[in-house]
Amino acid sequence: MHRAHTAFSLALSPKAHKNFATWLLKSTTNQQMVKATAAAAVRTYNSAAAEPFANGSTASYVEEMYNAWLRDPTSVHTSWDAYFRSNSYTSPPNLAPVQANTLPLTAFNFGGAVGGAAPDSKTIDDHLAVQAIIRSYQSRGHLASDLDPLGILTREKTVCKDGLARRANEDVLRQHSGFLFGEQDMERQFKLPSTTFIGGDEASLPLKEILNRLENVYCNKIGVEFMFINSLEQCNWIRKRFETPGVLNFSPEEKRLILARLTRATGFEAFLAKKYSSEKRFGLEGCEIMIPALKEIIDVSTELGVESVIMGMPHRGRLNTLANVCRKPLNQIFTQFAGLEAADDGSGDVKYHLGTYIERLNRVTNKNIRLAVVANPSHLEAVDPVVQGKTRAEQFYRGDQEGKKVMSILIHGDAAFCGQGVVYETMHLSDLPDYTTHGTIHVVANNQIGFTTDPRFSRSSPYCTDVARVVNAPIFHVNADDPEAVMHVCKVAAEWRATFHKDCVIDLVGYRRNGHNEIDEPMFTQPLMYQKIRKHKNCLDLYADKLIAEGTVTGEEVKSVAAKYENICEEAFALAKTETHVKYKDWLDSPWSGFFEGKDPLKVAPTGVKEETLIHIGNRFSSPPPNAAEFVIHKGLLRVLAARKTMVDEKIADWALGEAMAFGSLLKEGIHVRLSGQDVERGTFSHRHHVLHHQLVDKATYNSLQHMYPDQAPYSVSNSSLSEYAVLGFEHGYSMTNPNALVLWEAQFGDFSNTAQSIIDQFISSGQSKWVRQSGLVMLLPHGMEGMGPEHSSCRVERFLQMSSDDPDYFPPESDEFAIRQLHDINWIVANCTTPANYYHILRRQIALPFRKPLILCTPKSLLRHPEAKSPFSEMSEGSEFQRIIPDNGPAGQNPSNVKKVVFCTGRVYYDLTKTRTEKQLESDIAIVRVEQVSPFPFDQVKEQANLYKNAELVWAQEEHKNQGCWTYVQPRFLTALNHSRDVSQSDEQSSYSNTTNTTDHTNQVSATDSDSNSEPKSKPWLSRMFTKDTDSGSDPASPQGASGDFNAAKHFDLKNVRHDFNRPAGVAAAPGGRISKTGRKISYVGRACGASTATGSKAQHIRELNALLNDAIST
Ligand SMILES: Cc1ncc(C[n+]2csc(CCOP(=O)(O)OP(=O)(O)O)c2C)c(N)n1
Ligand SMILES: [Mg+2]
């Protein structure tokens, strides 16, 4: 059963709209249309729900049977007779005949039966057999259809009893093949059942004609798979689109258009092959029809109201799609082959991965259209959920509640479509209220091979498209060498989406003329297939021959269209040669127009808000619905609300309240907030409770964050499907669309995020550096060793930190803008907050920043209810801000010179450490400093803290194992912070590093200067020093900026000149050894030894180890 959401209007006030939708171009911000996500509430999710009776087509069959039985009980099999006699059958109300041929059987003169008399039993048996045969074709005709252009898999026609050769064999007809009558029956007239449209206006047809028409519809170049769909209405809709006589008739103009498009698709690949013969381009040869196919889908969809199409696709045919579907200027595409330097940011990801965004006039429909191809990594299918999230977001911001204006098209390779699990996960989002994009058209460029692997070794299902059956998506297989069949299928697919707003699949069965790429030799592995391919004419030639033969075009016309396109390519090629740089902004899939303009790139807006705002949000958040008298709330939740109210009265916040303050205040400012993930509405740890459920009325819910202010931005919180890969990808895509939104994904437990690793690696950590694309996505990852065993303890923060791009050996120049410059330069932020206030600030800072960075946030579990993990409102109100480091503010911090030891830590272990310190009465001797923002590393504040406690020993305490948690990330950075800069090579040579391999001790030490007293000054980069005898020294030892002397900090931080992905400028070596200020400070590790698992074996062991850790840390 689908869960309904409270009907809530998210109509935006003009102010709210302006605030969060400014990225949209004016032309597209239709104010009336801007209503939001709750659209899903008005959708019919599954029309099968309205159909209690079996499968629709089966139902019609039974109905026919029932009618026959009513007329003559002996006309049906005895088992049916018994069934109908038992009164078990009631004719379903929705089985009204759907076409004109409704004459009763008795109206026909079938040989023996005269003048309306009841037909004899043979007549009825024969009719039932014909019906069964019709149904067989509809259900299984695709198995015998002629899909393979190479003919390798095509079954030969078999000669039937009547002497005619047909494709439909026993696979299709099964036991009904026995009913295939002899020649004498071929001219007999049969009444057509209501479940077929092959008759057109005819109510009956001769058997021969019935079989011919069925063969033509179901066993020719199109194979339609749809009879598994649970909706009779949808089955009939498809039958009508394919069975109605004449559907495949194209006008001469239409044929010419197909030919022209095919000429361009073919010409483009040929041109690239000619000009860049040794370059990989993953050409489309063998499936060029995909280009006219995509164009047809877009044309029809545009006619039906779509204004924006978002596409996701892999390598194959990508350049062709950009050129001929998106109409990206050809010279921009050609410059990608030239290996030019970038004129702007971006790391030069290969040309078949870059995205694009184009607005143009669709010449066929004369309507404006926006086309985006989302940049994608090499990881096949990983882009699917990202496209869906981006599409959903665009629908949301346009108020396109039913997906009438924005749609997605996903293009797949055959091997990837069936092999990659994310396809299934993405498909399963397709009908979920808060994730649906109201129908995606999937196009499979099925070249019947994946790299070097044949389908029989790459899948266990008959078709590469079988995954789509799980969501009742119809699948249209089509022979890619039949352009008209392909165009018909595309038209039907676009109409299907516009009618039912559900997914469908087009399986373009072609071949791959070359190797996997153009440099590969396919004969190594598929010799027979390629012998066939070598002899096979390409689709353009075949189609041109056909059109010439039928007189639609002349040979000259064909040649002139091809020559014209080649000229266009040549001109663009010449233009591309004049280019000196590539511009990555030309390859942005999600431009944020207006977001960056006029902004000070180093100014963070304040994150504190007025206390009265906090009180207002707190009061709303702790109140039952306005209609509380009728809305029965669970008693436990009444207690939760009461406790919240007490906190608000006392002006303190726990974790859930701190989060609500962040969300509520952003919503007030017009920032849309979307929180998604497994069980996020309540919260895995039952702390959040954003959605209150009426205890007596189904589907009645109340969400106070949606009712904070009359003109607030929309808030959406959505329990997701049990997927990380697809859902995280989806939210990433969602976050790409509009910078003025806080999009958060929460893992059930942090460790589950690793099933979404490719989204993290390929998109979130690296999206900006590869594709100049920013995202402010927040990943909330419950993290903490709490004795729950090896799972559920760690979000593997070490992995996120390992991917952080700040340089461990580089201490950036100190200034008031230190923090913001670091944020600007890094790829993402990793933090572990210990107070609700800091959590609140870091969430708000995501929006306050003048740019966007993903935020990886370790979030607590037991701290959600920890009595000390609370913050006063004063820490969230005006003047307060996010604290990268929280210094010790007890006796130790107040009297630092007496402090013997400073324990640096992050996250929940802080509370264990302070408790132990109190128990041991060491509050004056030991300072505990929390590093709340771990990455980018707060070098400046760490240095400041270390200087504060001049005489103290410094340790890093963590509860995670030594090879996990933050140690490996913070260790070298501490050394850099303590010594201002650190030389990589020098440290690498230190023997003290070997201390860290002692895994049995809880305490190990590393020092930057322990063993360097004999080391010679090193002023050359480490690699050259390995091979030369270094005598070069003499630089200024106080300078942190490297030996070359050419590093200009001001230039480095001139944001226009710096590439965003470098924390230290390229080409600048780490500070040389001779320049380290020898403070002699060191940082020691306190914590568990290295471990293979993320947690300990048993609760008892966990407690033992934790106590050892606390004792080691809290001792002087
Ligand atoms: C997740 C992933 N695994 C492996 C690869 C390596 N790879 C690149 S293309 C390819 C074959 C893809 O076959 P198919 O999906 O049929 O597309 P085609 O190249 O035939 O168009 C493979 C295995 C990849 N890119 N992504
Ligand atoms: Mg393939």
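For the structure, check the block above.
Worth saying up front: this structure is predicted, and the values here are computed from it rather than measured. (Residues numbered from 1 in each chain as written. Chains lettered and ligands numbered in written order. Predicted model: local features only at pLDDT ≥ 70, side-chain atom pairs only at ≥ 80, totals over all residues. Heavy atoms only, no water.)

Visitor: So what exactly am I meant to see when it comes to the overall build of the protein chain here?
Guide: The number of helices and strands found in the protein chain is 36 helices and 31 strands. The buried share among the 1116 residues of the protein chain stands at 61%. For the protein chain, restricting intrachain contacts to residue pairs at least 6 apart in sequence, the fraction spanning at least 24 positions comes to 81%. In the structure as shown, the protein chain presents an accessible area of about 42600 Å², 52% of it carried by carbon and sulfur atoms. (Helix = DSSP H or I, 4+ residues; strand = E, 2+ residues; numbered from the N terminus. Buried < 20%, exposed > 50% of the residue type's maximum accessible area, 1.4 Å probe, protein only. Contact = heavy atoms within 4.5 Å. Areas by Shrake-Rupley, 256 points an atom, 1.4 Å probe, with all protein chains shown as cover.)

Visitor: Looking at this structure, I do not really get helix H30 (residues 909-919). What am I missing?
Guide: The α-helix advances 3.6 residues per turn, and as a result positions three or four apart in sequence lie on the same side. In terms of residue burial, H30 counts as a mostly covered element, since eight of its eleven residues are buried. Along H30, the residues that are buried comprise Val909, Tyr910, Tyr911, Asp912, Leu913, Thr914, Thr916 and Arg917. In this fold, the buried residues of H30 make contact with helix H29 (891-894), strand S26 (901-905), strand S27 (926-931), strand S29 (953-958) and helix H36 (1099-1113).

Visitor: Sorry, what's going on with the sheet that holds strand S23 (residues 855-859) here?
Guide: Backbone hydrogen bonds are what pair the strands of a sheet, in a parallel or an antiparallel way. One open sheet accounts for seven strands, arranged S19-S16-S20-S21-S23-S22-S28; its pairing is mixed. With one partner strand each, in any of the chains shown, strand S19 (715-719) and strand S28 (933-935) form the two edges of the open sheet. Strand-to-strand twist in this sheet, taken as the mean axis angle between neighbours without regard to direction, amounts to 20°. By the bridge criterion, three bridges tie strand S20 (residues 741-746) to strand S21 (residues 778-782) in an arrangement that is parallel. Looking at S21, one finds that Glu746 is bridged to Leu780. Contacts between helix H22 (residues 655-668) and the sheet are confined to strand S16 (672-677), S19, S20 and S21, with S16 contributing the most and set at about 140° to the helix. (Pairing = 2+ DSSP bridges. Axes fitted to C-alpha atoms, helices over the stretch in contact; angles between N-to-C directions.)

Visitor: Honestly, unusual backbone geometry in this entry has me stumped. Any pointers?
Guide: Looking along the chain, the bond that leaves Ser935 and enters Pro936 is cis, with omega of 0°. Note on placement: Pro936 falls in the loop between S28 and helix H31 (939-948). One non-glycine residue, Gln448, lies in positive phi territory at about 65°. Note that Gln448 resides in the loop between strand S11 (440-446) and helix H15 (455-458).

Visitor: Would you mind showing me how to read the site of ligand 1 here?
Guide: Residues in contact with ligand 1 amount to 15 residues; listed here are only the nearest, His315, Arg316, Ser378, Asp414 and Asn447. Asp414 places a side-chain nitrogen or oxygen 2.5 Å from an oxygen atom of ligand 1. Separating an oxygen atom of ligand 1 from a backbone N or O atom of Ile449 is a distance of 2.9 Å. Contact with the protein chains hides 75% of the accessible area of ligand 1, taken as 580 Å² for the molecule alone. (Near = heavy atom within 4 Å. Polar contact = N/O pair within 3.5 Å; in protein donor to acceptor, adjacent residues only side chain to side chain.)

Visitor: Can you walk me through the coordination of the magnesium ion (ligand 2) in this structure?
Guide: Around a metal, the idealised angle for a tetrahedral arrangement of four donor atoms is 109.5 degrees; for an octahedral arrangement of six donor atoms it is 90 or 180 degrees. Donor atoms from the polypeptide that coordinate the magnesium ion (ligand 2) comprise Asp414 (OD), Asn447 (OD1) and Ile449 (O), at 2.0 Å from the metal. In this structure Asp414 comes out as buried when scored by relative accessible area, which is 3%. Among the residues examined, Ile449 registers a relative accessible area of 3% and is labelled buried. (Donors = N, O, S within 2.8 Å, 3.2 Å for Na, K, Ca; no water.)

Visitor: For this particular structure, what's the right way to read the environment of Arg135?
Guide: Mapping Arg135 onto the fold places it in helix H4 (residues 121-140). By relative accessible area, which is 22% here, Arg135 ends up partly exposed. Taking C-alpha positions, Arg135 is 8.3 Å from Thr195, a pair spaced 60 residues apart along the chain.

Visitor: Sorry if this is basic, but what is going on with the sheet that holds strand S10 (residues 406-413) here?
Guide: The mixed open sheet is built from eight strands, whose spatial order is S5-S12-S13-S11-S10-S6-S9-S8. Of all strands in the sheet, those bounded by a partner on one side alone are strand S5 (222-225) and strand S8 (356-362). On average, each strand axis in the sheet is tilted by 20° relative to the strand beside it, whichever way the strands run. Bridge count between S5 and strand S12 (residues 475-479): four bridges; the pairing is antiparallel. Looking across to S12, one finds that Val224 is bridged to Phe476. Contacts between helix H9 (residues 290-303) and the sheet are confined to strand S6 (308-312), S8, strand S9 (367-373), S10, S11 and strand S13 (504-509), with S10 contributing the most and set at about 165° to the helix. Each of S5, S10, S11, S12 and S13 is contacted by helix H16 (residues 483-500), which is oriented at about 165° to S12, the strand it contacts most.

Visitor: Which parts of the structure should I look at to understand helix H7 (residues 232-243)?
Guide: Over its twelve residues, H7 runs 16 Å from end to end, which matches the ideal 16 Å to within 8%, given 1.5 Å per residue. Burial runs high along H7: nine of the twelve residues are buried. What H7 keeps buried is the set Leu232, Gln234, Cys235, Asn236, Trp237, Ile238, Arg239, Phe242 and Glu243. Sitting at the amino-terminal end of H7 is Ser231, which places a side-chain oxygen 3.3 Å from the backbone nitrogen of Glu233. (Expected span 1.5 Å × (residues − 1).)

Visitor: Sorry, what's going on with the pairing of S12 here?
Guide: Along a regular strand, successive side chains alternate from one face of the sheet to the other. Where burial is concerned, most of S12 is hidden: five out of the five residues are buried. Burial of the side chains of S12 extends over both faces: Ile475, His477 and Asn479 are buried on one face and Phe476 and Val478 on the other. As defined by bridge partners, S12 adjoins S13 across five bridges and the pair is classed as parallel. Looking across to S13, one finds that Ile475 is bridged to Val505. Regarding the hand of the β-α-β motif, the stretch spanning S12, H16 and S13 is right-handed. (Right-handed = clockwise from strand over helix to strand, strands pointing away.)

Visitor: Quick question: what am I supposed to make of the state of the cysteines here?
Guide: Any covalent bond linking the sulfur atoms of two cysteines counts as a disulfide. Evaluation of the coordinates by the stated rule reveals zero disulfides. There is no disulfide at Cys795, and the cysteine sulfur nearest it, in Cys858, is 3.8 Å away. We classify Cys858 as buried; its relative accessible area is 3%. (Disulfide = S-S within 2.5 Å.)

Visitor: Would you mind showing me how to read the packing of helix H23 (residues 725-737) against helix H24 (residues 757-764) here?
Guide: For any two helices packed against each other, one specifies the inter-axial angle together with the distance between the axes. One can describe the packing of H23 onto H24 by two numbers: an axis separation of 8 Å at closest approach and a directional angle of 25°. Between H23 and H24, the crossing angle belongs to the class labelled roughly parallel. Where H23 abuts H24, its residues Tyr725, Leu728, Gly729 and His732 lie against Ser758, Ile759, Ile760, Phe763 and Ile764. Split into classes, the residues belonging to the contact of H23 with H24 amount to six nonpolar, three polar and no charged. (Parallel < 35°, antiparallel > 145°, perpendicular 65-115°, else oblique. Nonpolar A, V, L, I, M, F, W, Y, C, P; charged D, E, K, R; others polar.)

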